[in-house]
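Working through the structure, step by step
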Amino acid sequence: MSGFSTRAIKAATTAPKVDQIPSSVPIYQAAAFSTADAAELGDVLTGAIPGYAYSRIDNPTTAALGDAVAALEGAEAGLAFATGMAAIHATIVSVVRAGQTIVATKAVYGTTRDLLVRILSGLGIATEFVDPRDPAAVDAALARTGAPILYVETISNPTIVVSDLAALATVAHSHGALLLVDNTFASPYGCRPIELGADLVMHSATKYISGHGDVLAGAVVGSRDRIAAIRPILIDVGGALAPLAAFLVLRGLPTLAIRMERHTQTALELAAWLAGQDGVERVHYPGLPSDPSHEVAVRQLHVFGGMLAFELTGGREAGRAFLDAMMVAERTASLGAVRTITTAPPSTTHRQLDAAALREAGIAPGLLRCSVGLEDVEDLRADFELGLAAARAATS
Ligand SMILES: Cc1ncc(COP(=O)(O)O)c(C=O)c1O
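Residues numbered from 1 in each chain as written. Predicted model: local features only at pLDDT ≥ 70, side-chain atom pairs only at ≥ 80, totals over all residues.

Let's talk about the site of the ligand
What counts here: As a rule, any residue with its backbone-derived C-beta atom within 6 Å of a molecule or strand is reported as near that molecule or strand. When residues are grouped by polarity, Ala, Val, Leu, Ile, Met, Phe, Trp, Tyr, Cys and Pro land in nonpolar, Asp, Glu, Lys and Arg in charged, and all others, Gly among them, in polar.
Near the ligand, the surroundings consist of 14 residues, among which Thr83, Gly84, Met85, Ser204 and Thr206 are the closest. Partitioning the shell around the ligand into residue classes produces 4 nonpolar, 8 polar and 2 charged.

Following this line, the structure appears as C-alpha coordinates:
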(Lines give C-alpha, C1' and ligand atoms only; values in the text may rest on other atoms or scores of the structure.)
Protein backbone atom coordinates (compact mmCIF):
# COMPACT_ATOMS: atom_id res chain seq x y z
CA MET A 1 0.00 0.00 0.00
CA SER A 2 1.36 3.48 -0.90
CA GLY A 3 2.02 6.17 1.68
CA PHE A 4 -0.64 8.69 2.71
CA SER A 5 0.66 11.54 0.56
CA THR A 6 0.87 9.37 -2.54
CA ARG A 7 -2.68 8.17 -1.97
CA ALA A 8 -3.92 11.73 -1.28
CA ILE A 9 -2.37 13.03 -4.50
CA LYS A 10 -3.81 10.20 -6.58
CA ALA A 11 -7.24 10.43 -4.94
CA ALA A 12 -7.49 14.19 -5.34
CA THR A 13 -6.25 14.38 -8.94
CA THR A 14 -8.26 11.57 -10.51
CA ALA A 15 -10.70 13.33 -12.84
CA PRO A 16 -14.14 11.69 -13.04
CA LYS A 17 -15.13 10.16 -16.36
CA VAL A 18 -18.27 11.88 -17.68
CA ASP A 19 -20.23 10.28 -20.51
CA GLN A 20 -23.04 12.84 -20.67
CA ILE A 21 -22.65 16.34 -22.12
CA PRO A 22 -22.63 19.06 -19.42
CA SER A 23 -25.08 21.94 -19.84
CA SER A 24 -22.30 24.53 -19.59
CA VAL A 25 -18.62 24.46 -20.52
CA PRO A 26 -16.78 23.01 -17.49
CA ILE A 27 -13.82 24.84 -15.98
CA TYR A 28 -10.82 22.70 -16.89
CA GLN A 29 -8.76 24.12 -14.04
CA ALA A 30 -5.63 22.17 -14.85
CA ALA A 31 -2.15 23.38 -15.73
CA ALA A 32 -1.44 20.21 -17.69
CA PHE A 33 -3.09 17.13 -19.24
CA SER A 34 -1.43 13.73 -19.09
CA THR A 35 -1.38 11.24 -21.92
CA ALA A 36 -1.50 7.46 -22.17
CA ASP A 37 2.16 7.28 -23.23
CA ALA A 38 5.16 9.44 -24.19
CA ALA A 39 4.43 9.14 -27.91
CA GLU A 40 0.95 10.61 -27.47
CA LEU A 41 2.35 13.59 -25.53
CA GLY A 42 4.85 14.23 -28.32
CA ASP A 43 2.11 14.01 -30.95
CA VAL A 44 -0.17 16.42 -29.05
CA LEU A 45 2.68 18.92 -28.54
CA THR A 46 3.66 18.87 -32.22
CA GLY A 47 0.02 19.11 -33.31
CA ALA A 48 0.15 15.73 -35.09
CA ILE A 49 -3.00 14.73 -33.19
CA PRO A 50 -5.59 16.98 -31.51
CA GLY A 51 -5.47 17.22 -27.74
CA TYR A 52 -4.25 19.12 -24.75
CA ALA A 53 -0.86 19.06 -23.04
CA TYR A 54 -0.28 22.34 -21.21
CA SER A 55 -2.77 25.15 -20.56
CA ARG A 56 -0.53 27.98 -21.81
CA ILE A 57 -0.63 26.21 -25.16
CA ASP A 58 -4.28 25.20 -25.16
CA ASN A 59 -7.07 24.45 -22.69
CA PRO A 60 -10.60 23.15 -23.41
CA THR A 61 -12.39 25.99 -21.57
CA THR A 62 -10.38 28.79 -23.18
CA ALA A 63 -10.58 27.05 -26.58
CA ALA A 64 -14.38 26.98 -26.21
CA LEU A 65 -14.37 30.77 -25.75
CA GLY A 66 -12.18 31.33 -28.84
CA ASP A 67 -14.53 29.11 -30.86
CA ALA A 68 -17.63 30.88 -29.49
CA VAL A 69 -16.40 34.36 -30.42
CA ALA A 70 -15.43 33.09 -33.89
CA ALA A 71 -18.91 31.61 -34.35
CA LEU A 72 -20.60 34.88 -33.36
CA GLU A 73 -18.31 36.97 -35.58
CA GLY A 74 -18.78 34.64 -38.56
CA ALA A 75 -15.05 33.78 -38.64
CA GLU A 76 -13.34 30.44 -39.33
CA ALA A 77 -11.30 30.41 -36.12
CA GLY A 78 -10.65 32.27 -32.90
CA LEU A 79 -8.29 32.43 -29.95
CA ALA A 80 -8.92 33.66 -26.43
CA PHE A 81 -6.32 35.74 -24.54
CA ALA A 82 -5.70 36.92 -20.99
CA THR A 83 -6.71 40.50 -21.92
CA GLY A 84 -7.77 42.55 -24.90
CA MET A 85 -4.28 44.10 -25.07
CA ALA A 86 -2.65 40.64 -25.22
CA ALA A 87 -4.93 39.80 -28.18
CA ILE A 88 -4.17 43.12 -29.91
CA HIS A 89 -0.42 42.76 -29.39
CA ALA A 90 -0.26 39.18 -30.66
CA THR A 91 -2.45 40.00 -33.67
CA ILE A 92 -0.36 42.98 -34.77
CA VAL A 93 2.95 41.21 -34.19
CA SER A 94 1.77 38.22 -36.25
CA VAL A 95 1.63 40.45 -39.32
CA VAL A 96 4.18 43.27 -39.06
CA ARG A 97 8.00 43.05 -39.16
CA ALA A 98 10.78 45.43 -38.03
CA GLY A 99 11.29 48.23 -40.56
CA GLN A 100 7.62 48.35 -41.56
CA THR A 101 5.01 50.99 -40.78
CA ILE A 102 1.46 50.50 -39.51
CA VAL A 103 -1.33 52.84 -40.55
CA ALA A 104 -3.78 53.33 -37.68
CA THR A 105 -6.70 55.63 -37.09
CA LYS A 106 -6.22 58.65 -34.85
CA ALA A 107 -8.95 57.86 -32.39
CA VAL A 108 -7.85 54.60 -30.79
CA TYR A 109 -7.85 53.37 -27.20
CA GLY A 110 -4.99 55.05 -25.28
CA THR A 111 -3.18 51.82 -24.41
CA THR A 112 -3.35 50.62 -28.03
CA ARG A 113 -1.79 53.93 -29.02
CA ASP A 114 0.87 53.36 -26.34
CA LEU A 115 1.58 49.86 -27.66
CA LEU A 116 2.11 51.34 -31.12
CA VAL A 117 4.13 54.44 -30.26
CA ARG A 118 6.02 53.28 -27.16
CA ILE A 119 6.53 49.52 -27.43
CA LEU A 120 6.45 48.68 -31.14
CA SER A 121 8.36 51.80 -32.19
CA GLY A 122 11.23 50.56 -29.98
CA LEU A 123 11.25 47.36 -32.05
CA GLY A 124 11.60 49.27 -35.32
CA ILE A 125 7.88 49.36 -36.21
CA ALA A 126 6.56 52.85 -36.92
CA THR A 127 2.91 54.00 -36.93
CA GLU A 128 1.27 56.70 -38.99
CA PHE A 129 -2.09 57.95 -37.66
CA VAL A 130 -4.88 58.96 -40.04
CA ASP A 131 -8.49 60.12 -39.83
CA PRO A 132 -10.75 57.09 -40.52
CA ARG A 133 -13.39 59.40 -42.04
CA ASP A 134 -10.97 60.52 -44.75
CA PRO A 135 -10.51 57.59 -47.21
CA ALA A 136 -8.20 59.69 -49.40
CA ALA A 137 -5.84 60.25 -46.44
CA VAL A 138 -5.94 56.54 -45.57
CA ASP A 139 -5.23 55.65 -49.21
CA ALA A 140 -2.31 58.10 -49.37
CA ALA A 141 -0.81 56.84 -46.08
CA LEU A 142 -1.01 53.20 -47.21
CA ALA A 143 0.56 54.07 -50.58
CA ARG A 144 3.35 56.14 -49.00
CA THR A 145 4.28 53.64 -46.28
CA GLY A 146 3.56 50.27 -47.91
CA ALA A 147 2.03 49.33 -44.54
CA PRO A 148 1.00 45.68 -44.06
CA ILE A 149 -1.73 46.74 -41.57
CA LEU A 150 -4.58 49.22 -41.49
CA TYR A 151 -5.70 49.28 -37.84
CA VAL A 152 -9.12 50.69 -36.86
CA GLU A 153 -11.80 50.51 -34.15
CA THR A 154 -15.39 49.87 -35.34
CA ILE A 155 -16.54 52.55 -32.89
CA SER A 156 -13.61 54.59 -31.64
CA ASN A 157 -12.64 55.03 -28.02
CA PRO A 158 -13.47 57.64 -26.73
CA THR A 159 -14.87 59.83 -29.53
CA ILE A 160 -17.52 57.29 -30.71
CA VAL A 161 -16.63 57.71 -34.40
CA VAL A 162 -17.96 54.82 -36.51
CA SER A 163 -15.52 53.71 -39.22
CA ASP A 164 -16.79 52.70 -42.65
CA LEU A 165 -15.25 49.22 -42.48
CA ALA A 166 -16.39 48.08 -45.94
CA ALA A 167 -14.79 51.14 -47.57
CA LEU A 168 -11.62 50.83 -45.46
CA ALA A 169 -11.31 47.10 -46.30
CA THR A 170 -11.41 47.96 -50.01
CA VAL A 171 -8.72 50.64 -49.60
CA ALA A 172 -6.51 48.37 -47.43
CA HIS A 173 -6.76 45.43 -49.79
CA SER A 174 -6.02 47.60 -52.84
CA HIS A 175 -2.60 48.22 -51.22
CA GLY A 176 -2.08 44.61 -50.13
CA ALA A 177 -2.62 45.55 -46.47
CA LEU A 178 -4.76 43.64 -43.97
CA LEU A 179 -7.63 45.37 -42.18
CA LEU A 180 -7.39 44.78 -38.41
CA VAL A 181 -10.47 45.85 -36.45
CA ASP A 182 -10.97 46.29 -32.72
CA ASN A 183 -14.69 45.53 -32.42
CA THR A 184 -14.90 45.95 -28.62
CA PHE A 185 -17.39 48.86 -28.51
CA ALA A 186 -19.80 47.37 -31.06
CA SER A 187 -19.59 43.73 -29.88
CA PRO A 188 -20.36 40.88 -32.33
CA TYR A 189 -24.07 41.66 -31.88
CA GLY A 190 -23.61 45.25 -33.04
CA CYS A 191 -21.21 44.61 -35.93
CA ARG A 192 -19.50 41.73 -37.69
CA PRO A 193 -16.45 43.25 -39.40
CA ILE A 194 -15.45 39.97 -41.13
CA GLU A 195 -18.67 40.21 -43.18
CA LEU A 196 -17.60 43.74 -44.18
CA GLY A 197 -14.15 42.63 -45.38
CA ALA A 198 -11.97 42.80 -42.24
CA ASP A 199 -9.19 40.22 -41.97
CA LEU A 200 -8.70 39.98 -38.22
CA VAL A 201 -11.09 41.17 -35.51
CA MET A 202 -10.05 41.73 -31.91
CA HIS A 203 -12.01 42.19 -28.70
CA SER A 204 -11.46 43.22 -25.16
CA ALA A 205 -13.83 40.50 -23.90
CA THR A 206 -13.50 42.26 -20.54
CA LYS A 207 -16.28 44.49 -21.91
CA TYR A 208 -19.58 43.61 -23.63
CA ILE A 209 -18.74 39.99 -24.47
CA SER A 210 -18.52 39.08 -20.78
CA GLY A 211 -20.75 41.99 -19.78
CA HIS A 212 -20.55 41.90 -16.00
CA GLY A 213 -17.34 43.76 -15.23
CA ASP A 214 -15.85 40.91 -13.22
CA VAL A 215 -13.22 39.41 -15.53
CA LEU A 216 -10.37 40.36 -17.88
CA ALA A 217 -10.18 38.61 -21.26
CA GLY A 218 -9.44 39.15 -24.94
CA ALA A 219 -10.05 37.42 -28.24
CA VAL A 220 -9.11 37.51 -31.89
CA VAL A 221 -10.92 35.86 -34.79
CA GLY A 222 -10.15 35.47 -38.50
CA SER A 223 -9.26 32.88 -41.11
CA ARG A 224 -7.83 29.54 -39.97
CA ASP A 225 -4.41 30.43 -41.44
CA ARG A 226 -4.16 33.86 -39.82
CA ILE A 227 -5.22 32.51 -36.42
CA ALA A 228 -2.65 29.71 -36.80
CA ALA A 229 0.00 32.42 -37.31
CA ILE A 230 -1.09 34.15 -34.07
CA ARG A 231 -1.06 31.01 -31.89
CA PRO A 232 2.77 30.76 -31.58
CA ILE A 233 2.84 34.32 -30.21
CA LEU A 234 0.16 33.42 -27.65
CA ILE A 235 2.25 30.41 -26.64
CA ASP A 236 5.68 32.10 -26.62
CA VAL A 237 4.67 35.41 -25.05
CA GLY A 238 2.34 33.74 -22.56
CA GLY A 239 -0.91 35.64 -22.98
CA ALA A 240 -3.07 32.60 -22.15
CA LEU A 241 -6.45 33.15 -20.51
CA ALA A 242 -7.13 31.31 -17.24
CA PRO A 243 -9.88 28.65 -17.49
CA LEU A 244 -11.98 30.24 -14.72
CA ALA A 245 -11.87 33.59 -16.55
CA ALA A 246 -12.91 31.87 -19.79
CA PHE A 247 -15.84 30.27 -17.95
CA LEU A 248 -17.00 33.66 -16.62
CA VAL A 249 -16.88 35.16 -20.12
CA LEU A 250 -18.80 32.18 -21.53
CA ARG A 251 -21.41 32.67 -18.81
CA GLY A 252 -22.00 36.28 -19.90
CA LEU A 253 -22.03 35.64 -23.64
CA PRO A 254 -25.51 34.05 -24.08
CA THR A 255 -27.22 37.29 -22.97
CA LEU A 256 -25.18 39.55 -25.29
CA ALA A 257 -28.09 40.30 -27.63
CA ILE A 258 -30.59 41.32 -24.95
CA ARG A 259 -27.95 43.32 -23.10
CA MET A 260 -26.94 45.20 -26.26
CA GLU A 261 -30.58 45.93 -27.14
CA ARG A 262 -31.19 47.40 -23.67
CA HIS A 263 -27.84 49.30 -23.60
CA THR A 264 -28.81 50.83 -26.95
CA GLN A 265 -32.37 51.74 -26.00
CA THR A 266 -31.20 53.54 -22.84
CA ALA A 267 -28.20 55.19 -24.51
CA LEU A 268 -30.39 56.55 -27.30
CA GLU A 269 -32.81 58.05 -24.80
CA LEU A 270 -30.04 59.61 -22.70
CA ALA A 271 -28.16 60.95 -25.73
CA ALA A 272 -31.26 62.67 -27.11
CA TRP A 273 -32.04 64.16 -23.69
CA LEU A 274 -28.42 65.31 -23.10
CA ALA A 275 -28.31 67.06 -26.47
CA GLY A 276 -30.98 69.50 -25.27
CA GLN A 277 -29.39 70.32 -21.91
CA ASP A 278 -27.80 73.59 -20.84
CA GLY A 279 -24.04 73.13 -20.32
CA VAL A 280 -23.69 70.36 -22.92
CA GLU A 281 -21.72 71.54 -25.94
CA ARG A 282 -21.98 68.39 -28.04
CA VAL A 283 -23.15 64.78 -27.79
CA HIS A 284 -21.36 62.00 -29.70
CA TYR A 285 -23.73 59.09 -30.27
CA PRO A 286 -24.19 57.37 -33.65
CA GLY A 287 -27.90 56.78 -32.98
CA LEU A 288 -28.62 60.52 -33.13
CA PRO A 289 -29.58 61.53 -36.71
CA SER A 290 -27.47 64.69 -36.27
CA ASP A 291 -24.30 62.69 -35.47
CA PRO A 292 -21.64 62.68 -38.25
CA SER A 293 -21.39 58.87 -37.89
CA HIS A 294 -25.15 58.25 -38.17
CA GLU A 295 -25.24 57.39 -41.86
CA VAL A 296 -22.42 54.83 -41.70
CA ALA A 297 -23.78 53.47 -38.40
CA VAL A 298 -27.20 52.81 -39.96
CA ARG A 299 -25.51 50.90 -42.80
CA GLN A 300 -23.08 48.97 -40.66
CA LEU A 301 -24.33 48.48 -37.12
CA HIS A 302 -27.14 46.22 -36.03
CA VAL A 303 -27.55 48.35 -32.87
CA PHE A 304 -25.91 51.70 -32.07
CA GLY A 305 -24.61 50.34 -28.75
CA GLY A 306 -24.21 51.61 -25.23
CA MET A 307 -21.24 53.97 -25.63
CA LEU A 308 -21.83 57.71 -25.79
CA ALA A 309 -19.65 60.75 -25.15
CA PHE A 310 -20.48 64.39 -24.50
CA GLU A 311 -18.57 67.63 -24.18
CA LEU A 312 -19.34 69.98 -21.33
CA THR A 313 -19.04 73.72 -22.01
CA GLY A 314 -17.14 74.17 -18.73
CA GLY A 315 -14.16 72.00 -19.83
CA ARG A 316 -12.10 69.81 -17.47
CA GLU A 317 -13.40 71.52 -14.28
CA ALA A 318 -17.03 70.89 -15.28
CA GLY A 319 -16.16 67.28 -16.10
CA ARG A 320 -14.66 66.71 -12.67
CA ALA A 321 -17.70 68.23 -10.90
CA PHE A 322 -20.08 66.16 -13.05
CA LEU A 323 -18.32 62.90 -12.20
CA ASP A 324 -18.08 63.65 -8.50
CA ALA A 325 -21.82 64.36 -8.26
CA MET A 326 -23.00 61.06 -9.77
CA MET A 327 -24.69 58.60 -7.40
CA VAL A 328 -25.74 55.75 -9.74
CA ALA A 329 -22.93 55.63 -12.28
CA GLU A 330 -19.56 54.23 -11.33
CA ARG A 331 -16.48 56.45 -11.70
CA THR A 332 -14.00 54.08 -13.30
CA ALA A 333 -12.15 53.39 -16.53
CA SER A 334 -13.79 50.22 -17.83
CA LEU A 335 -16.95 49.83 -19.93
CA GLY A 336 -19.46 47.38 -21.34
CA ALA A 337 -20.80 46.20 -17.98
CA VAL A 338 -24.24 45.99 -16.37
CA ARG A 339 -23.45 49.09 -14.33
CA THR A 340 -23.20 52.51 -15.96
CA ILE A 341 -19.62 53.81 -16.01
CA THR A 342 -18.70 57.43 -16.63
CA THR A 343 -15.16 58.61 -17.11
CA ALA A 344 -13.16 61.65 -18.23
CA PRO A 345 -10.84 60.27 -20.96
CA PRO A 346 -8.30 63.14 -20.80
CA SER A 347 -7.42 62.21 -17.21
CA THR A 348 -8.03 58.42 -17.33
CA THR A 349 -8.16 56.16 -20.38
CA HIS A 350 -6.23 58.63 -22.57
CA ARG A 351 -3.98 60.12 -19.86
CA GLN A 352 -0.93 59.11 -21.93
CA LEU A 353 -1.78 61.81 -24.49
CA ASP A 354 -0.50 65.38 -23.96
CA ALA A 355 -2.70 68.40 -24.81
CA ALA A 356 -1.61 68.46 -28.46
CA ALA A 357 -2.18 64.71 -28.93
CA LEU A 358 -5.61 64.98 -27.28
CA ARG A 359 -6.56 67.79 -29.68
CA GLU A 360 -5.19 65.80 -32.61
CA ALA A 361 -7.30 62.77 -31.53
CA GLY A 362 -10.41 65.00 -31.30
CA ILE A 363 -10.68 64.69 -27.49
CA ALA A 364 -12.03 67.93 -25.98
CA PRO A 365 -10.88 68.85 -22.42
CA GLY A 366 -14.47 68.60 -21.14
CA LEU A 367 -15.22 65.26 -22.82
CA LEU A 368 -16.96 62.64 -20.71
CA ARG A 369 -17.40 59.07 -21.93
CA CYS A 370 -20.31 57.04 -20.69
CA SER A 371 -20.83 53.30 -20.92
CA VAL A 372 -24.59 53.14 -20.43
CA GLY A 373 -25.50 50.18 -18.25
CA LEU A 374 -28.68 48.23 -17.66
CA GLU A 375 -30.16 50.37 -14.87
CA ASP A 376 -33.56 52.05 -15.25
CA VAL A 377 -33.33 55.02 -17.58
CA GLU A 378 -35.20 57.35 -15.19
CA ASP A 379 -32.53 56.78 -12.52
CA LEU A 380 -29.74 57.45 -14.98
CA ARG A 381 -31.41 60.65 -16.21
CA ALA A 382 -31.74 61.83 -12.60
CA ASP A 383 -28.04 61.02 -12.06
CA PHE A 384 -27.06 63.00 -15.16
CA GLU A 385 -29.20 65.92 -13.91
CA LEU A 386 -27.16 65.88 -10.68
CA GLY A 387 -23.96 65.87 -12.71
CA LEU A 388 -25.04 68.75 -14.94
CA ALA A 389 -26.16 70.87 -11.98
CA ALA A 390 -22.78 70.31 -10.28
CA ALA A 391 -20.92 71.10 -13.52
CA ARG A 392 -22.84 74.37 -13.94
CA ALA A 393 -22.27 75.34 -10.28
CA ALA A 394 -18.54 74.60 -10.54
CA THR A 395 -18.01 76.78 -13.59
CA SER A 396 -20.54 79.63 -13.14
C1 LIG B 1 -11.50 49.62 -27.45
C2 LIG B 1 -10.63 48.88 -26.50
N3 LIG B 1 -9.77 47.96 -26.97
C4 LIG B 1 -8.96 47.26 -26.16
C5 LIG B 1 -8.97 47.46 -24.79
C6 LIG B 1 -8.03 46.67 -23.92
O7 LIG B 1 -8.71 45.67 -23.28
P8 LIG B 1 -8.19 44.95 -21.93
O9 LIG B 1 -8.30 45.96 -20.83
O10 LIG B 1 -9.08 43.77 -21.80
O11 LIG B 1 -6.77 44.59 -22.17
C12 LIG B 1 -9.85 48.39 -24.25
C13 LIG B 1 -9.89 48.60 -22.79
O14 LIG B 1 -10.56 49.49 -22.29
C15 LIG B 1 -10.70 49.13 -25.13
O16 LIG B 1 -11.56 50.05 -24.66
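Now that the structure has been shown, the text picks up again.
Details of the sheet that holds strand S11 (residues 341-343)
Here is the rule we go by: Strand pairing is assigned whenever DSSP detects at least two bridges linking the two strands. A run of DSSP states H or I qualifies as a helix once it reaches four residues; a run of E qualifies as a strand once it reaches two. Both are numbered from the N-terminal end. Each residue gets a C-beta atom placed from its backbone, and two residues are in contact if those atoms lie within 7 Å. Here the axes come from fitting lines to C-alpha atoms, over the contacting stretch only for helices, and the angles between their N-to-C directions go from 0 to 180 degrees.
With mixed pairing, the 5 strands of this open sheet are ordered in space as S8-S9-S12-S11-S10. The strands lining the two open edges of the sheet, one partner per strand, are strand S8 (280-284) and strand S10 (330-331). As judged from the 5 bridges shared by strand S9 (residues 307-312) and strand S12 (residues 367-371), these two strands associate in the antiparallel manner. What sits directly across from glutamate 311, in S12, is leucine 367. Sitting on the sheet, helix H11 (residues 256-275) is in contact with S8 and S9, with an inclination near 155° to S8.

Some details on the sheet that holds strand S1 (residues 77-81)
Pairing in this open sheet of 7 strands is mixed, and the strands run S1-S7-S6-S5-S4-S2-S3 from one edge to the other. Of all strands in the sheet, those bounded by a partner on one side alone are S1 and strand S3 (126-130). Put simply, the sheet's adjacent strands are angled 20° from each other on average, direction ignored. Strand direction decides the pairing type here: S1 and strand S7 (residues 218-222), joined by 5 bridges, are antiparallel. The residue of S7 that forms the bridge with alanine 77 is glycine 222. Sheet strands touched by helix H7 (residues 165-174): strand S4 (149-153) and strand S5 (178-182). Its angle to S5, the strand with the most contacts, is close to 150°.

Some words on the domain arrangement of the chain
A common measure of how large an interface is: the accessible area buried when the components associate. The cut-off we apply is this: Domain start and stop positions are those given by an automatic or database domain assignment.
Domain assignment breaks the chain into domain 1 (38-254) and domain 2 (256-395). Each of domain 1 and domain 2 was reduced to a C-alpha centroid, and the two centroids are 26 Å apart. Across the contact, 30 residues belong to domain 1 and 36 residues belong to domain 2. A class-by-class count of the residues in the side of domain 1 that touches domain 2 yields 16 nonpolar, 9 polar and 5 charged.

Details of the pairing of strand S6 (residues 200-204)
Heads up, the condition is: Field definition: a residue is buried when 20 or more other C-beta atoms are found within 10 Å of its C-beta, exposed when 12 or fewer are, and partly exposed for counts in between, with C-beta atoms placed from the backbone.
Taking burial as the measure, the 5 residues of S6 include 5 buried ones, the bulk of the element. Sheet topology note: the S5/S6 ladder contains 3 bridges and is parallel. By the bridge assignment, aspartate 182 is partnered in S6 with methionine 202.

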